[in-house]
Amino acid sequence: MLNRYLYIFVAASAMLLAGCFANYHHAELGPNDVVLALGDQFTSGGNVSESFRYTTVLGQNTNARIVNLGRSGAMVADAIPVLRENLAKHPNTRLVIVSLGYNDIIKGVDPRFVTSAFVELFREAQKAKVPVLLVGIPKLPYTKGNDKPTALFEELGANNHIIYEREAFAAVLREAENMESGNQFNADGYRVFAEELEARLRKEGFIRG
C-alpha cells in the first residue's frame, strides 16, 4: 500500500512539473540579451512619445534590451538588409519580432513576392540561430468579427519553423478606442499590442516570473 501511495505521489509531482515547464520552449531573456523589433509605422510609433511605443512598454517587463527597428511605410523586403546589419551589430540577439506586411497588403503587392521576402527574412535569422516571432496581420480593410489573419500569414506561420502570433494585431483593432484616425495605433493600442506579445513571450519561456 505504501508503495502505491508513493507511486501516486511521484506521478502527481511529475505531472505538476510537466505542467509548469511544458510551454517553456526557449530560455529566459537575460540583461545582456537583445531583441530586434522589425516593423513599420506600428513598430516605429512615431505618432506617440517613445515611452508609449510597444517596444518600450514590452521592454519594461523583460530583462532584455529591445531595439526598435521600425520605419514608417516599411515593406517586408525593406527589412532584410536591416535585419542582416543588426544581427551583425548585435551578436547577442536572442529574438527577432517581425510585425510587417501591412503596407504590402494595402499597396496590393503580389502575395508571392511578399511570401518570398518573408522567407528570406526568416532565413537570415535562422542562419544566425535566432528565433523569429511573426505577428499576423488581419484581413484588410478590418471589420469587427472578421479578424483572422490572412491566408498568407497562416501559411507562413505553419511552414517556416517560426513562432506565429495571430492574436496581437487583431486585439488592438477590435476596439476603436485603440486607434487614431489614419489607421494608426494610439497609446492604448500600443499598450494592448505589447500586452499580447508579452503573454506570448511568457508562454514561450522568454519571460518568466
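Here goes a summary of the coordinates provided.

Definitions and limits used
Residues numbered from 1 in each chain as written. Predicted model: local features only at pLDDT ≥ 70, side-chain atom pairs only at ≥ 80, totals over all residues. Heavy atoms only, no water. Helix = DSSP H or I, 4+ residues; strand = E, 2+ residues; numbered from the N terminus. Contact = heavy atoms within 4.5 Å. Phe/Tyr/Trp six-rings, centres within 6.5 Å; stacked < 30°, edge-to-face > 60°. Buried < 20%, exposed > 50% of the residue type's maximum accessible area, 1.4 Å probe, protein only. Polar contact = N/O pair within 3.5 Å; in protein donor to acceptor, adjacent residues only side chain to side chain. Pairing = 2+ DSSP bridges. Axes fitted to C-alpha atoms, helices over the stretch in contact; angles between N-to-C directions. Arc of directions from axis to C-beta.

**Here we look at the overall build of the chain**
- Helix and strand counts for the chain come out as nine helices and seven strands.
- By sequence separation, contacts in the chain at least 24 residues apart represent 75% of the contacts at least 6 residues apart.

**Topic: the side chain of Thr-150**
- Tracing the chain through its elements places Thr-150 in the loop between strand 4 (132-135) and helix 7 (151-159).
- Sequence-distant contacts of Thr-150, defined by excluding residues within four places in its chain, comprise Ile-105, Ile-137, Pro-138 and Lys-139.

**Quick look at the packing of aromatic side chains**
- Under the definition given, this model contains 11 aromatic pairs.
- Plain terms: the ring middles of Phe-42 and Tyr-102 are 4.9 Å apart, the flat faces sit at 75° to each other, and that makes the pair edge-to-face. Of this pair, Phe-42 sits in helix 2 (residues 41-44) while Tyr-102 sits in helix 5 (residues 102-106); the two residues are 60 residues apart in sequence, bridging distant segments of the chain.
- The buried category is assigned to Tyr-102, whose relative accessible area is 8%.
- When the ring of Phe-42 is compared with that of Phe-169, the centres are 5.1 Å apart and the planes differ by 75°; the resulting orientation is edge-to-face. Placement of the pair is Phe-42 in helix 2 and Phe-169 in helix 8 (residues 168-173), with a sequence separation of 127 residues. With respect to class, Phe-42 is no different from Phe-169; both count as buried.
- One aromatic cluster is present, formed by Phe-42, Tyr-54, Tyr-102, Phe-169, Phe-185, Tyr-190 and Phe-193 through successive ring pairs.

**Structural notes on the side chain of Gln-184**
- Looking at where Gln-184 falls in the secondary structure, it is placed in strand 7 (residues 184-185).
- Within the local environment of Gln-184, its side chain forms a polar contact with the side chain of Asn-47, the two groups lying 3.1 Å apart.
- At a separation of 2.5 Å, a polar atom in the side chain of Gln-184 contacts the side chain of Tyr-190.
- With sequence-adjacent residues up to four places away left out, Gln-184 is seen in contact with Gln-41, Phe-42, Asn-47, Asn-178, Met-179 and Tyr-190.

**A closer look at the sheet that holds strand 2 (residues 65-70)**
- As summarised here, the arrangement of the five strands in space is 2-1-3-4-5, forming an open sheet in which the pairing is parallel. Both outer strands of the open sheet, strand 2 and strand 5 (163-165), are each paired with one neighbouring strand and no more. Averaged over all pairs of adjacent strands, the angle between their axes in this sheet comes to 20°, without regard to strand direction.
- In the sheet, strand 4 pairs with strand 5 via three bridges, with the strands oriented parallel. Its bridge partner being in strand 5, Val-135 is matched across the sheet by Glu-165.
- Those strands touched by helix 4 (residues 79-89) are strand 1 (34-39), strand 2 and strand 3 (93-99), and its axis lies near 165° from that of strand 1.

**Examining helix 7**
- The set of residues buried in helix 7 consists of Leu-152, Phe-153, Leu-156 and Gly-157. Angularly, the buried residues of helix 7 cover 130° about the axis, an arc narrow enough to put them on a single face. Along helix 7, the residues that are exposed and aim more than 90 degrees away from the buried face are Glu-155, Ala-158 and Asn-159.
- Against helix 5, helix 6 (111-127), strand 4 and strand 5 lie the buried residues of helix 7.

**A closer look at unusual backbone geometry**
- Unlike most non-glycine residues, Lys-129 shows phi in positive territory, near 60°.
- Inspection of the secondary structure assignment puts Lys-129 in the loop between helix 6 and strand 4.
- Positive phi, close to 55°, is recorded for His-161, a residue that is not glycine.
- Mapped onto the elements of the fold, His-161 is located in the loop between helix 7 and strand 5.

Nothing here speaks to function; it is all geometry.
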